[in-house]
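Chain residues, written in single-letter form:
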Amino acid sequence: MIKTLARSIREYKKTAILTPLLVIVEVVLECIIPFTIANLVNEMQAGCKMDVIVQYGIQLVIMAILSLIFGVAAGNTCATASTGFARNLRKDMFYRIQDYSFENIDKFSVSSLVTRMTTDVVNVQMSFMMIIRIAIRGPLMLIFSFIMGFVMGGRLALIFLVTIPLLGIGLALVIRAAMPIFRRVFRKYDALNDSVQENVQAMRVVKSYVREDYEKKKFSAAAEDVCRDFTRAERIMALNNPMMQFCVYAGMAFVLSFGSYVVITSRGAEVAVGQMSAILTYSFQILMSLMMLSMVFVMITMSMESAERIVEVLTEKSSLTSPKDGLTSVKDGSVDFEGVSFKYSKKAERMALADVNLHIRSGEVIGILGGTGSSKSTLVQLIPRLYDVTEGCVKVGGVDVRKYDLETLRNNVAVVLQKNVLFSGTIKDNLRWGNPDATDEEMLEACKLAQADEFIQQFPAKYDTWIEQGGANVSGGQKQRLCIARALLKKPKVLILDDSTSAVDTRTDALIRQGFREFIPETTKIIIAQRVASVQDADRIIVMDGGRISDIGTHDELMERSEIYREVYTSQNKAGDSDGQE
Amino acid sequence: MARNKTQNANPTPATTARGQRAPKGVLRRLLRTLFSFYPVLLPITLVCIVINAIVSAAPAVFLQNVIAIVDESYQSGDWASVSGRILTYVAVLVVMYVISLIAGAFYTQMMAIITQGSLKKLREKMFSHMQDLPIKYFDTNGHGDIMSYYTNDVDTLRQLISQSLPQMTISGITLFVVFCIMMYYSMILALLVVVGVVCMVLAARAITSRSSKYFLRQQITLAKAEAFMEEMMTGQKVIKVFCHEEGARADFDKVNGEIFYNARNGNRFANILMPLLGNIGNVMYVVVALVGGALLLTDVPNISISGMAFSISIVVPFLNMTKQFAGAIGQVSNQINMVIMGLAGAHRIFALLDEEPETDEGYVTLVNARENADGSMSECKERTHVWAWKHPHHDGTVTYTRLQGDVRFYDVDFGYTPEKTVLHNITLYAKPGQKVAFVGSTGAGKTTITNLINRFYDIADGKIRYDDININKIKKADLRRSLGIVLQDTNLFTGTVMENIRYGNLEASDEECIAAAQLAGADDFICRLPEGYNTMLTGNGANLSQGQRQLLAIARAAVADPPVMILDEATSSIDTRTEAIVQQGMDALMTGRTVFIIAHRLSTVRNANAIMVLDHGRIIERGTHEDLLQLKGTYYQLYTGALELD
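Residues numbered from 1 in each chain as written. Chains lettered and ligands numbered in written order. Predicted model: local features only at pLDDT ≥ 70, side-chain atom pairs only at ≥ 80, totals over all residues.

Participant: Even after reading the chapter, I still don't get the overall build of chain A, so can you show me in this structure?
Facilitator: When helices and strands are tallied, chain A shows 20 helices and twelve strands. The C-alpha radius of gyration of chain A comes to 36 Å, more than 25% above the 25 Å expected for a compact globule of 582 residues. Along the longest, intermediate and shortest principal axes, the C-alpha atoms of chain A span 120 × 55 × 50 Å. A buried classification covers 49% of the 582 residues belonging to chain A. In chain A, the share of contacts with a sequence separation of at least 24, taken over all contacts with a separation of at least 6, comes to 79%. (Helix = DSSP H or I, 4+ residues; strand = E, 2+ residues; numbered from the N terminus. Rg over C-alpha atoms; globule rule 2.2 N^0.38 Å. Buried ≥ 20, exposed ≤ 12 C-beta atoms within 10 Å, placed from the backbone. Contact = placed C-beta atoms within 7 Å.)

This is how it looks when you write it as structure tokens:
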């Protein structure tokens with residue numbers, strides 16, 4: 001896991017390595033300063049001259065300035081390294097996600113991906129900052145102070161041998177007791193917030209059923225549970241502070257009593273007064289660094305979960321990759337399914353598609369009809385290789401889709417997805433998704449063909465009209481037509497409309513199909529629809545049922561032999577006004 | 001399609017934007033709130049904090065005394081003569097330490113309880129208040145924004161309460177006590193320290209104002225990035241289909257770069273703070289040593305409260321105190337960013353708590369009733385499946401009206417904002433058991449009408465009467481209890497299928513729930529789920545299809561058994577064949593009830609008693625299916641597919 005994460009450090013490796021180096025110097029200086037001061041105090045006690053004091057003063061000020069320079073430099077490099085690392089992590093995740101196949105995308109929810117790229121990255125960034133700065137600083141400080149303590153204080157430093165293990169063991173015990181609770185409670189906390197989200201989204205339902213009090217009780221119980229665990233964990237963690245204080249106090253009492261004894265009995269030879277206060281400083285520094293270490297440890301453990309979630313995204317293997325030296329041209333728009341079976345996951349028991357054999361000639365118009373869950377969308381999504389078949393093979397232009405370069409294949413097989421999305425930007429921005437180099441004329445042409453030009457011209461800003469996120473400011477029918485135009489701009493050999501005209505009125509719907517026939521006759525058109533009227537005039541209509549092709553034929557043939565087709569037809573054309581429709 | 005029409009209709013900007021500093025007074029309100037949560041425990045804890053802080057500042061005094069003794073006798077090397085005095089000091093010190101430790105252990109434990117308890121109470125308060133807010137609040141505020149009160153804002157508050165506030169209190173007291181001791185020993189040196197402190201405060205202020213500026217900006221860019229990522233990930237499949245990965249990457253790099261810029265600068269300044277303050281502290285230390293040394297040598301009279309003369313025994317503890325002083329200031333400044341962020345969070349939370357809750361001036365209530373022989377109604381305790389409106393009058397009399405489900409609109413006008421009226425002169429009636437359908441294009445006002453019946457919004461002009469009672473007089477809870485509603489976007493809750501159905505009526509037995517599911521035609525697929533009715537649903541029923549979710553919502557409404565039903569595109573995600581199967585259940589559900597139906601597919605409204613065609617908030621055609629076809633107007637065009645409907 002660490003290896004995967006470390007790969008994202010890249011250009012910040014220099015600063016990441018520089019930081020601990022700078023910190024080392026800073027720590028050394030910080031440890032020498034009390035030492036120098038101790039000597040100064042001793043000199044002063046011995047009644048030295050002013051010039052000695054000034055000398056020491058200059059020394060100390062220089063050290064302070066150096067320490068400041070190194071400290072500031074370390075702070076700087078540390079900030080750059082950790083935030084840069086975070087930036088790369090976000091970037092790597094986002095880039096990685098762009099490589100995901102549909103199968104991978106289905107696996108993660110949008111909100112979980114966003115949380116991973118925000119909250120989780122921030123957690124890891126914090127940990128990283130602590131590691132390169134404090135995790136280095138802590139042990140160094142400990143070692144230096146320890147050594148300096150013995151150098152200066154001699155026997156007085158013996159107190160370290162008592163307080164360090166005492167605090168060390170204490171902290172370790174606290175962490176061991178608190179960590180499992182923390183891990184558990186953070187999961188509960190997430191669940192609590194999920195339930196708030198659920199409640200906010202379902203507010204209309206809550207209010208309609210007058211369930212406000214019920215929801216309050218439910219929330220209270222969950223909040224109580226979280227609170228209990230958090231309190232337990234924090235109370236254990238809160239033991240750190242008194243433990244630390246105890247050790248500091250013990251050191252103080254020891255130095256004051258035993259220290260004075262040593263100073264007096266040795267007449268200041270073994271240890272002088274200056275050393276007494278220095279050793280207190282060191283003891284404090286040692287305990288502080290232990291404390292810091294324990295904090296770092298807690299922080300790291302807590303961000304472990306975040307790191308795991310990030311790595312999950314980074315290491316998710318795209319289940320679908322473009323072959324090396326894939327074909328970069330598609331001969332024609334013929335599509336063949338040969339013994340195709342498909343299921344969404346290996347674990348799934350039921351095949352979403354079973355034993356499909358189908359041959360579509362280039363330029364043919366194919367309609368697909370079938371109930372919800374009959375795998376209409378699944379069938380067409382195999383053509384641009386949004387998913388890979390489980391068995392058999394799908395061919396476009398007579399070649400297995402797995403042999404094409406993915407981009408070539410998808411540029412030649414355009415799909416207008418059922419859940420289609422427009423992005424915030426102008427109409428032109430959105431259209432250019434189909435072809436980044438499209439000229440204004442090409443866009444106009446595509447929009448005319450998709451029957452979108454008419455309403456676009458009515459907008460004050462025409463093709464520069466701003467589309468809100470998700471296309472919130474255009475109607476459903478307009479959105480669908482824009483999506484069709486966007487796909488047309490690819491000039492594809494195969495065009496697939498997955499229920500893409502459901503919100504378009506039947507007249508316009510017919511005009512679109514008529515345009516297709518006239519202006520792009522050589523393009524294979526595959527149209528999934530709920531309305532019989534949308535597919536009625538297709539060359540052939542496929543009736544899907546439960547993941548199988550139930551029947552294929554023209555409208556008239558199907559009316560005669562397919563019960564499902566007839567059922568759908570009559571359900572939509574009751575009351576004898578079927579001739580009212582085109 | 002996202003149902004956020006009303007949100008688009010009146011985009012009110014969030015009142016409490018992210019990335020803003022909290023105004024004055026928030027801290028006081030926060031403290032007051034905390035005290036109100038723990039009126040006894042918090043003051044006691046505070047006392048312990050004070051004791052702990054004072055005692056931890058005290059060693060300086062003992063150090064001075066002991067060093068004074070050591071200083072005068074170390075040349076003699078005679079331990080025995082001074083051991084008594086030294087050990088007495090140490091003994092007193094130990095006693096103080098014990099007190100301090102007890103106080104310390106107590107306050108840290110209590111703080112853990114207070115922090116978590118306060119957060120819990122605050123969360124509960126927020127949640128409970130939120131439940132009482134009008135639906136308008138949820139329509140006009142992004143769900144992400146509302147969520148961040150519970151996540152980001154509460155989290156920053158946690159830092160503030162558990163760490164920053166106690167830390168600042170302790171540091172403040174330490175500063176005060178140490179300063180007093182300093183003054184006691186030597187005012188000259190103390191003044192020197194004050195000068196150093198002023199430098200530190202100025203430096204800290206300069207730096208934290210910069211770092212907090214960037215941190216607050218970072219919050220804004222993070223929110224922006226979140227919105228961007230959300231949009232991109234939602235459209236991820238479209239990106240794939242159009243091979244737009246490179247473009248998406250380039251756009252992301254821009255946003256990502258902005259976060260980096262702010263985060264880096266914020267952290268840079270924050271990281272500089274400690275070394276800077278620490279080393280100003282070091283310089284201060286040196287200056288004190290120098291001046292102290294000079295004073296020792298030059299015999300300048302010491303000005304102090306104690307009247308002590310200068311000696312090494314003053315300078316040594318003074319040096320320690322300088323360190324302590326600098327440390328405390330460092331601690332305080334280190335918390336400043338947390339405090340700024342925490343208070344900004346508190347401010348937003350208070351803004352949520354200050355939102356005006358839904359008012360309810362209704363006094364007519366719904367009660368179980370029994371019909372007397374003479375046809376009048378009387379109230380009773382047990383469930384009779386007969387309900388009546390209990391209507392108390394000014395003169396003290398109470399009348400009972402049978403709950404029937406008769407809904408009438410008289411000349412109703414309505415707008416989500418006063419400036420823009422979206423419904424004009426709506427007059428309509430639905431007698432008990434009648435089915436009224438609304439048809440029209442997006443934004444015509446279909447859903448708005450249903451929002452008025454259950455008083456999610458209040459009308460601007462006109463009158464709505466329910467069983468001949470003005471709905472303004474009916475208690476909202478009782479009004480809504482008498483209405484069932486099935487929406488296009490189905491919301492399910494985390495829990496079992498059974499619990500989700502029971503949501504419609506908490507007292508329903510398992511059998512009643514299953515019967516309702518059968519009625520809705522949901523029983524079939526539920527039984528095929530891995531654990532049938534006990535299958536857990538999570539993430540809004542993520543493992544179910546949209547159609548299955550709608551069936552569950554219909555079952556949920558069926559178990560509530562209200563006399564009036566509102567079906568807002570309730571079957572839009574069910575394909576025509578399945579719908580034909582569900583139709584039976586829907587018909588069963590609708591019999592004997594007043595039904596308001598909004599439908600995408602006109603086939604579902606055909607047998608309504610009345611069809612209202614809405615356009616721009618006005619009823620432009622009304623009548624039965626046959627009437628309207630004969631009229632050859634808008635309905636006819638819609639029906640024949642000549643007009644778009646979505």
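Participant: Help me out: how do you make sense of the overall build of chain B in this one?
Facilitator: Scanning chain B for helices and strands turns up 20 helices and 16 strands. Against the compact-globule benchmark of 26 Å for 646 residues, chain B has a radius of gyration of 36 Å, which places it well outside the compact range. Expressed as lengths along the three principal axes of its C-alpha atoms, the size of chain B is roughly 120 × 70 × 50 Å. For chain B, the proportion of its 646 residues judged to be buried stands at 48%.

Participant: How should I be thinking about the domain arrangement of chain B in this particular structure?
Facilitator: Note: interface size is frequently given as the accessible area lost on complex formation between the parts. According to the domain assignment, chain B contains domain 1 (15–354), domain 2 (365–402) and domain 3 (407–639). Each of domain 1 of chain B and domain 2 of chain B has a C-alpha centre, and these two points are 63 Å apart. (Domains from an automatic or database assignment.)

Participant: Please clarify how helix H9 (residues 240–265) of chain A should be interpreted in this entry.
Facilitator: Because an α-helix completes one turn every 3.6 residues, residues spaced three or four positions apart along the sequence face the same direction. All names here are of chain A. Across its 26 residues, H9 extends 37 Å between first and last C-alpha, which sits within 8% of the 38 Å expected from 1.5 Å per residue. Along H9, the largest kink reaches about 30 degrees and is centred on Val255. Trailing H9 by a residue or two, Arg267 shows a phi angle of about 50 degrees, which is positive. (Expected span 1.5 Å × (residues − 1). Bend = angle between axes of the 7 residues up to and from the residue.)

Participant: Would you mind showing me how to read the packing of helix H2 (residues 13–45) of chain A against helix H10 (residues 245–298) of chain B here?
Facilitator: Geometrically, a packed helix pair is captured by the angle between its two axes and the distance between the axes. One can describe the packing of H2 of chain A onto H10 of chain B by two numbers: an axis separation of 11 Å at closest approach and a directional angle of 5 degrees. What the angle tells us is that H2 of chain A and H10 of chain B run roughly parallel. Residues Ile33, Ile37, Leu40 and Met44 of chain A of H2 of chain A touch H10 of chain B, and the partners they reach there are Asn282, Tyr285, Ala289, Gly293 and Leu296 of chain B. A breakdown of the residues in the contact of H2 of chain A with H10 of chain B according to their chemical character gives seven nonpolar, two polar and no charged. (Axes fitted to C-alpha atoms, helices over the stretch in contact; angles between N-to-C directions. Parallel < 35°, antiparallel > 145°, perpendicular 65-115°, else oblique. Nonpolar A, V, L, I, M, F, W, Y, C, P; charged D, E, K, R; others polar.)

Participant: Explain the sheet that holds strand S9 (residues 494–498) of chain A here, please?
Facilitator: Residues and elements named next belong to chain A. Read from one edge of the open sheet, six strands run S6-S9-S10-S3-S11-S12, paired in mixed fashion. One side of each edge strand has no neighbouring strand; the edge strands of this open sheet are strand S6 (413–416) and strand S12 (548–553). For this sheet, the mean angle separating the axes of adjacent strands, direction not counted, is 15 degrees. Pairing of S9 with strand S10 (residues 524–528) involves five bridges; the strand directions are parallel. Bridge pairing links Leu497 to Ile527 in S10. (Pairing = 2+ DSSP bridges.)

Participant: Help me understand the nonpolar core in this model?
Facilitator: Across soluble globular proteins, you tend to see nonpolar side chains buried next to one another. Grouped together as the largest cluster of nonpolar side chains are 367 residues, with contacts concentrated most on Ile496 of chain A together with Ala555 of chain B. Broken down by element, this core gets its largest block of residues, 21 residues, from helix H11 (residues 312–354) of chain B. Sequence-distant contacts of Ala555 of chain B, that is, excluding residues within four places in its chain, are made with Ile501, Ala516, Ala517, Ala520 and Ala522 of chain B. (Core = buried A, V, L, I, M, F, W, Y, C linked by C-beta atoms within 7 Å.)

Participant: Even after reading the chapter, I still don't get the interface of chain B and chain A, so can you show me in this structure?
Facilitator: Contact residues are listed per partner, giving 128 residues for chain B and 123 residues for chain A. Broken down by element, the residue count for the side of chain B that touches chain A peaks at 27 residues, all from H10 of chain B. Its residues assigned to classes, the side of chain B that touches chain A comprises 68 nonpolar, 39 polar and 21 charged.

Participant: Would you explain H11 of chain B in this entry?
Facilitator: All names here are of chain B. When the terminal C-alpha atoms of H11 are compared, their 60 Å separation across 43 residues agrees well with the 63 Å that a helix rising 1.5 Å per residue should span. Of all bends in H11, the biggest is about 35 degrees, found at Ile336. Most of H11 is tucked away, with 35 of its 43 residues classed as buried.

Participant: Would you take a moment to explain the packing of H2 of chain A against H11 of chain B for this structure?
Facilitator: Axis separation between H2 of chain A and H11 of chain B bottoms out at 10 Å; the angle between their running directions is 165 degrees. Judged on the interaxial angle alone, H11 of chain B and H2 of chain A are roughly antiparallel. At the point where H2 of chain A passes H11 of chain B, the crossing takes the right-handed sense. Of H11 of chain B, the residues touching H2 of chain A (which contributes Ile37, Val41, Met44 and Gln45 of chain A) are Ile312, Val315, Val316 and Leu319 of chain B. Residues of the contact of H2 of chain A with H11 of chain B, tallied by class, amount to seven nonpolar, one polar and no charged. (Left-handed = near helix turned anticlockwise from the far one by under 90°.)

Participant: I'm lost on the sheet that holds strand S10 (residues 483–486) of chain B in this one. Help?
Facilitator: Remark on secondary structure: sheet strands pair via backbone hydrogen bonds, oriented parallel or antiparallel. Residues and elements named next belong to chain B. The strand order across the open sheet formed by six strands is S10-S13-S14-S7-S15-S16, and the pairing between neighbours is mixed. Of all strands in the sheet, those bounded by a partner on one side alone are S10 and strand S16 (618–623). With direction set aside, neighbouring strand axes in the sheet form an average angle of 20 degrees. Examined bridge by bridge, S10 and strand S13 (residues 564–568) share four bridges and lie parallel to one another. From the neighbouring strand, Leu483 faces S13, where its bridge partner is Val564.

Participant: What's the story with the environment of Phe128 of chain A in this structure? I'm lost.
Facilitator: By the element assignment, Phe128 of chain A lies in helix H5 (residues 110–153). When the C-alpha positions of Phe128 of chain A and Ser101 of chain A are compared, they lie 31 Å apart, and in sequence the two are 27 residues distant.

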